[in-house]
Amino acid sequence: MSSFLFDPTPHPLSRVDWTGTRAAGLARLEAFLPAAGTAYTRTRNSDLGPDDRSNVSALSPWLARRLITEEEVVSRVMASHGFVKAEKFIQEVYWRSYWKGWLEMRPQVLTRFNLDRLALNQLATEDHELAQKLSRAKAGETGIACFDAWVRELTTLGWLHNHARMWFASIWIFTLELPWQLGADFFFKHLLDADVASNTLSWRWVAGLHTKGKHYLARASNIETHTKGRFNPAGQLAENALPLSDPGLETFPSALPADEILFEDRVGLLLHGDDLHPESLPLTAKVVGAGLLLVPEIGRTDGAKNKFQRRAEQNACTRLEQAFGMEAPRMASLEDALDWALGLDVREIATPYAPVGPIAWHLADLKQALASHGVRLVRLRRPWDSRTWPLATGGFFKLKERLPYLVRDLGHL
Ligand SMILES: Cc1cc2nc3c(=O)[nH]c(=O)nc-3n(C[C@H](O)[C@H](O)[C@H](O)COP(=O)(O)OP(=O)(O)OC[C@H]3O[C@@H](n4cnc5c(N)ncnc54)[C@H](O)[C@@H]3O)c2cc1C
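Basis of the calculations
- Residues numbered from 1 in each chain as written.
- Predicted model: local features only at pLDDT ≥ 70, side-chain atom pairs only at ≥ 80, totals over all residues.
- Heavy atoms only, no water.
- Helix = DSSP H or I, 4+ residues; strand = E, 2+ residues; numbered from the N terminus.
- Rg over C-alpha atoms; globule rule 2.2 N^0.38 Å.
- Buried < 20%, exposed > 50% of the residue type's maximum accessible area, 1.4 Å probe, protein only.
- Contact = heavy atoms within 4.5 Å.
- Lys, Arg positive; Asp, Glu negative; His and termini not counted.
- Charge placed at Lys NZ, Arg CZ, Asp CG, Glu CD.
- Near = heavy atom within 4 Å.
- Polar contact = N/O pair within 3.5 Å; in protein donor to acceptor, adjacent residues only side chain to side chain.
- Nonpolar A, V, L, I, M, F, W, Y, C, P; charged D, E, K, R; others polar.
- Domains from an automatic or database assignment.
- Buried area = accessible area lost by both parts, 1.4 Å probe.
- Salt bridge = Lys/Arg side-chain N within 4 Å of Asp/Glu carboxyl O.
- Pairing = 2+ DSSP bridges.
- Axes fitted to C-alpha atoms, helices over the stretch in contact; angles between N-to-C directions.

Caption draft 1: Structural context of the overall build of the chain. Summing up its helical and strand segments, the chain has 16 helices and five strands in all. Relative to its length of 413 residues, the chain is compact, with a C-alpha radius of gyration of 22 Å against a globular reference of 22 Å. When the backbone C-alpha atoms are referred to their principal axes, the chain occupies close to 65 × 65 × 40 Å. Each of the 413 residues in the chain was classed as buried or not, and the buried ones make up 52%. Sequence separation of at least 24 residues holds for 73% of the intrachain contacts in the chain that already meet a minimum separation of 6. Charged side chains in the chain number 48 positive and 48 negative. The centres of these two groups are separated by 5 Å.

Caption draft 2: Fine view of the site of the ligand. Inspection of the region around the ligand gives 27 residues, with Tyr40, Ser57, Ala58, Asn162 and Asp193 positioned closest. A distance of 2.5 Å separates an oxygen atom of the ligand from a polar atom in the side chain of tyrosine 40. Separating an oxygen atom of the ligand from a backbone N or O atom of alanine 58 is a distance of 2.7 Å. Only α3 (60–64), α4 (70–104), α8 (162–175) and α10 (196–207) provide two or more residues apiece to the shell around the ligand. Class assignment for the residues of the shell around the ligand results in 16 nonpolar, six polar and five charged. Each of domain 1 (13–104 + 389–412) and domain 2 (111–226) contributes no fewer than three residues to the shell around the ligand.

Caption draft 3: Just the side chain of serine 57, in detail. In this fold, serine 57 is placed in the loop between α2 (38–43) and α3. Its relative accessible area of 11% is what places serine 57 among the buried residues. Not counting the four nearest positions on each side in its chain, serine 57 is found in contact with Arg28, Phe32 and Phe89.

Caption draft 4: Quick look at the environment of asparagine 222. Here asparagine 222 shows up in helix α11 (residues 220–226). Taking relative accessible area as the criterion, asparagine 222 reaches 24% and is therefore assigned partly exposed. The spatial distance from the C-alpha of asparagine 222 to the C-alpha of leucine 192 is 26 Å, given a sequence separation of 30 residues. Setting aside residues up to four positions removed in sequence, asparagine 222 forms contacts with His163, Trp167 and Tyr216. Within the structure, asparagine 222 has its side chain in polar contact with the side chain of histidine 163 (distance 3.4 Å).

Caption draft 5: Structural view of the domain arrangement of the chain. Here the chain is described as being made up of domain 1 (13–104 + 389–412), domain 2 (111–226) and domain 3 (266–380). Its C-alpha centre places domain 2 at a distance of 32 Å from the equivalent point of domain 3. Taken together, the contacts link 10 residues of domain 2 with eight residues of domain 3. Ranking the residues of domain 2 by area buried against domain 3 places Lys189, Leu192 and Val196 at the top, with a combined share of 56%.

Caption draft 6: Fine view of the side chain of asparagine 199. Here asparagine 199 lies in helix α10. For asparagine 199, the side chain forms a polar contact with the main-chain oxygen of alanine 184, separated by 2.9 Å. Apart from the residues within four sequence positions on either side, asparagine 199 is in contact with Ala184, Phe187, Phe188 and Leu191.

Caption draft 7: Geometry of the pattern of salt bridges. What the rule picks out here adds up to 27 salt bridges. Salt-bridge contacts for arginine 44 lead to glutamate 92; the nearest nitrogen and oxygen are separated by 3.4 Å. Placement of arginine 44 in the loop between α2 and α3 and of glutamate 92 in helix α4 is noted, with a sequence separation of 48 residues between them. Here arginine 44 falls in the buried class, since its relative accessible area comes to 17%. Here arginine 96 makes a salt bridge to aspartate 195, at a shortest N to O gap of 3.2 Å. One end of the pair, arginine 96, is in helix α4; the other, aspartate 195, is in the loop between α9 (180–190) and α10, with 99 residues separating them in the sequence.

Caption draft 8: The sheet that holds strand β3 (residues 330–331), seen in detail. Strand order across the open sheet formed by five strands is β3-β2-β1-β4-β5, with parallel pairing between neighbours. Each edge of the sheet is formed by a strand with only one pairing partner; in this case those strands are β3 and β5 (376–380). In this sheet, strand β4 (residues 348–352) lies alongside strand β1 (residues 266–272) in parallel orientation, the contact comprising two bridges. Along β4, the bridge assignment pairs leucine 269 with alanine 350. Along the sheet face, helix α13 (residues 334–343) touches β1, β2 (286–293), β3 and β4 and points at about 170° away from the line of β2.

Structure below.
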């Protein structure tokens, strides 16, 4: 008798190979392609658990570092399904760009978050009650089974489904009444796809700070439905809490910096962890030296995130060497990067544009140091970013409305 109804063979898409190489990202993209159309629209909201990721792409760790690019992903999905069938998936990819553009025009929101985060971390060393609540939450010992399971998933695997991230953040803020900034900090330390804009702004969105007065409340019934009955925290959640407010923080958008261009015909190329795809950079000059600026380690070095990050850096160096036929050093400090750049005897160093965040701040220091030696650091912004970021002046709707034109300009409509 056929046993197909009880076939124990897992769906090939269920398990994700979380290896920090471009090849692993491309393999996941190819495997996911058939599911990126109407199946994604229908099923994407369900968190089927860590052993079944067949209904979402799980491409975020590769996209966050541009081991694979947004343009590649959208182009492949368009070629497989066309815009109408894949619109939902394409919208999600553009959410990533929306958050980036939104923050790029409001860097003060990140500055405020960082100041608050540092102050709250300090407070947690002095306030015994806060310290205890925080340590129970981070250890997954709250007694709310779904939350505790997501903590384990986050701290071991480094990845959570989007809906689980929303429920998690909501429970952290409204049920456990912990500061959202410390939740965002906890996510950032562990997520393989940790992204300054998507993470900080999504936490603000859940709290009700992005769209003033509109917060996201996790409901037990919704969790039960979308975890297929694995969890039901009935009676355990604050389902009527009020949104947070953030008085005095100006979120009016400022202008984006203009695109920068190379003038010289011989340049050095400095890669960094925000963009590890040198092969598709808009380079207009001969690269006479190439290297990688390392991201400082975050948290325990043996964690899943650091493992992915180190592998990604190694992979980027190998590909730099293949693309430009030269040894590509890894540089752990600005001093090393400065010495390397000056040793190339060039007047310009090209680098992918780093969106606001730790790498951009490092590069600003390097730019200044190089300038004092008469060398320009030229930040090359990809056309994808230059087209999408200016559309993040208000809500996502403005960008969403432009999607058919944005994807047509990729040459696929
Ligand atoms: C509190 C919270 C924190 C988050 N932190 C991060 C983060 O640090 N890094 C990160 O990349 N995403 C973050 N997200 C967004 C989203 O949860 C993940 O991008 C998504 O779950 C990744 O899974 P996937 O690759 O299967 O996405 P899919 O559903 O397959 O979507 C494809 C791609 O689109 C992008 N995307 C999808 N949904 C979103 C979204 N809501 N916002 C931004 N981009 C999106 C991702 O790059 C994703 O890989 C956060 C969301 C919340 C609610």
